[in-house]
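Structural description and commentary
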Amino acid sequence: MKTRSYNMTARADAAAATGERILDAALAVFWEKPTDHVVLADIADRAGVTVQTVLRRFGNREGLIVAAAERSASTIGAQRNAARVGDIEDIVRVLLDHYEELGPGVLRMLAAEESSPGLRDIIENGRTFHRDWCERCFAPFLADLTPAARTRRVAQLAAICDVYVWKVLRHDNGLTRRQTHTALVDLLDRLTSPAAPPAPEEP
């Protein structure tokens, strides 16, 4: 019985390791190519397994995309949550660490949103995380606002910190990382400064 139990545990461990290797390969390929150009054969080759093994583990291409995106979201969440609350310089540093590493891949994923139902759910969860992250990181600057002004301010902060703003500054306008950092800090300082009160409430 001990030998059988050992063998079953070893097989389970091997299967788990294979699954992790496939996810590693999938993420590497997803960050390199547009999502609609990713094929299972590329992922299987990189993971050192057959396409049939990928299908047995994840069901289909959509299942693999969702599993890979979910694991990536967990890693991104841990990275982003390292930002010090209320420290704009550190918030921007962490944000740029994320975008410099994964920004192009995130943009490709967003471009494929409409073609993948599973991906749409992951992206919507990402938007919720981003909004909640902004609300948490900038909490000291939100404390004295009315509920309506707070909602609007969080939306403004989320917009400034969005990956598309990074793209416009960093790539469309050719700023260096340091210049991009300065530009974002400047925008956020202006928005959170006590000298810049929120706009009056709409009637």
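Residues numbered from 1 in each chain as written. Predicted model: local features only at pLDDT ≥ 70, side-chain atom pairs only at ≥ 80, totals over all residues. Heavy atoms only, no water.

**Brief notes about the overall build of the protein**
For the protein, the count of helices and strands is nine helices and zero strands. In sequence order, the secondary structure elements of the protein are arranged as α-α-α-α-α-α-α-α-α. Long-range contacts, defined as pairs at least 24 residues apart, comprise 66% of the intrachain contacts of the protein with a sequence gap of at least 6. Roughly 11500 Å² of accessible area belongs to the protein as shown, and the carbon and sulfur atoms make up 57% of that amount. (Helix = DSSP H or I, 4+ residues; strand = E, 2+ residues; numbered from the N terminus. Contact = heavy atoms within 4.5 Å. Areas by Shrake-Rupley, 256 points an atom, 1.4 Å probe, with all protein chains shown as cover.)

**So, the packing of aromatic side chains**
A full pass over the atoms with the stated rule returns two aromatic pairs. Aromatic pair Y99 and W166: ring centres 5.8 Å apart, planes at 40°, arrangement tilted. With Y99 in helix α5 (residues 88-111) and W166 in helix α8 (residues 163-172), the pair connects residues that are 67 residues apart, well separated along the chain. Its relative accessible area of 4% is what places Y99 among the buried residues. (Phe/Tyr/Trp six-rings, centres within 6.5 Å; stacked < 30°, edge-to-face > 60°. Buried < 20%, exposed > 50% of the residue type's maximum accessible area, 1.4 Å probe, protein only.)

**A closer look at α8**
Residues V163, W166 and L169 constitute the buried set of α8. Angular distribution of buried residues about the axis of α8 spans 130°; they occupy a single face of the element. Buried residues along α8 sit in contact with α5 and α9 (177-192). If you check the start of α8, you find a side-chain oxygen 2.9 Å away from the backbone N of Y164, and it comes from D162. Backbone geometry just downstream of α8 places G174 in the positive-phi region, at approximately 70°. (Arc of directions from axis to C-beta. Polar contact = N/O pair within 3.5 Å; in protein donor to acceptor, adjacent residues only side chain to side chain.)

Everything listed is a geometric property; what it means functionally is a separate question.
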